[in-house]
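Here is what each chain is made of, one letter per residue.
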Amino acid sequence: MSYNIIRASMHRDEEKHWLGNTVFTIGESKTEYEISFFSKNGKDWDYSLHFADEPGVEEEFLQLDARLEVDDDLYNDLLDAAIDTIPE
């Protein structure tokens, strides 16, 4: 299933933890989702998925969240989009 990245960002907070997010759509859906990332060391990542703007269909949200648990390619692409915004 295809996806479209709308915007992404990544930065360090005051405690030097990594905080990032990627806003995207997936498939034919117009619903925008946002996945937020957090890491203390830049290697081990936690994430949280939520609707970016207006709430959408809860069943689709739950299916996407379950997919992120098993689809490493999708998850890594969304994380990489955020990481790629870090200035060198």
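Computed from a predicted structure; not experimentally measured.

### Examining the nonpolar core
Nonpolar side chains in soluble globular proteins tend to end up buried together. With 17 residues, the main nonpolar core has Phe24, Ile35, Phe37, Leu49, Leu64 and Leu68 as its most contacted residues. For this core, the leading source of residues is helix 2 (residues 72-83), giving 5 residues. If near-sequence neighbours (up to four positions away) are discounted, phenylalanine 37 is found in contact with Trp18, Leu19, Gly20, Asn21, Thr22, Trp45, Asp46, Tyr47, Tyr75, Leu78, Leu79 and Ala82.

### Some remarks on the pairing of strand 1 (residues 3-12)
Both strand 1 and strand 2 (residues 18-26) contribute to a ladder of 9 bridges, which runs antiparallel. Note on strand 2: the bridge partner recorded for histidine 11 is leucine 19. Here strand 1 hands over to strand 2 after 5 residues, with lysine 16 in that stretch at a positive phi of 70°.

### Focus: the environment of leucine 79
Locating leucine 79 in the fold gives a position in helix 2. Sequence spacing of leucine 79 and methionine 10 is 69 residues, and the spatial spacing of their C-alpha atoms is 9.3 Å. Discounting residues that sit within four places of it in the chain, leucine 79 has contacts with Met10, Phe37 and Trp45.

### As for the confidence of the model for the protein
For the protein, per-residue confidence averages 95 on the pLDDT scale, and residues scoring 70 or more make up 100% of the total. Put simply, helix 1 (residues 58-70) is where the protein has its lowest mean pLDDT, 96, and strand 3 (residues 33-39) is where it has its highest, 98.

### Section: unusual backbone geometry
One non-glycine residue with positive phi stands out, namely lysine 16, at about 70°. In this structure, lysine 16 sits in the loop between strand 1 and strand 2. We classify lysine 16 as exposed; its relative accessible area is 54%.

### A few points about helix 1
When the terminal C-alpha atoms of helix 1 are compared, their 19 Å separation across 13 residues agrees well with the 18 Å that a helix rising 1.5 Å per residue should span. Those residues of helix 1 not exposed but buried are Phe61, Leu64 and Leu68. Here the buried residues of helix 1 occupy an arc of 65° about the axis, which is enough to place them on one side. The exposed residues of helix 1 that point more than 90 degrees off its buried face are Glu69 and Val70.

### Looking at the pairing of strand 3
Across the 7 residues of strand 3, 5 count as buried, placing the element largely inside the fold. Where strand 2 and strand 3 come together, 7 bridges link them in antiparallel fashion. The residue bridging asparagine 21 from the neighbouring strand is serine 36, located in strand 3. Hairpin geometry of strand 2 and strand 3 is characterised by an intervening segment of 6 residues between the two adjacent antiparallel strands and by a positive phi of about 65° at glycine 27. Where strand 3 meets strand 4 (residues 46-51), 6 bridges bridge the pair, whose relative direction is antiparallel. Across the sheet, the residue bridging to tyrosine 33 is phenylalanine 51, located in strand 4. In this antiparallel pair of consecutive strands, strand 3 and strand 4, the connection spans 6 residues, and glycine 42 shows a positive phi of 80°.

The rules behind each value
- Residues numbered from 1 in each chain as written.
- Predicted model: local features only at pLDDT ≥ 70, side-chain atom pairs only at ≥ 80, totals over all residues.
- Heavy atoms only, no water.
- Core = buried A, V, L, I, M, F, W, Y, C linked by side-chain atoms within 4.5 Å.
- Buried < 20%, exposed > 50% of the residue type's maximum accessible area, 1.4 Å probe, protein only.
- Helix = DSSP H or I, 4+ residues; strand = E, 2+ residues; numbered from the N terminus.
- Contact = heavy atoms within 4.5 Å.
- Pairing = 2+ DSSP bridges.
- pLDDT = per-residue confidence, 0-100.
- Expected span 1.5 Å × (residues − 1).
- Arc of directions from axis to C-beta.

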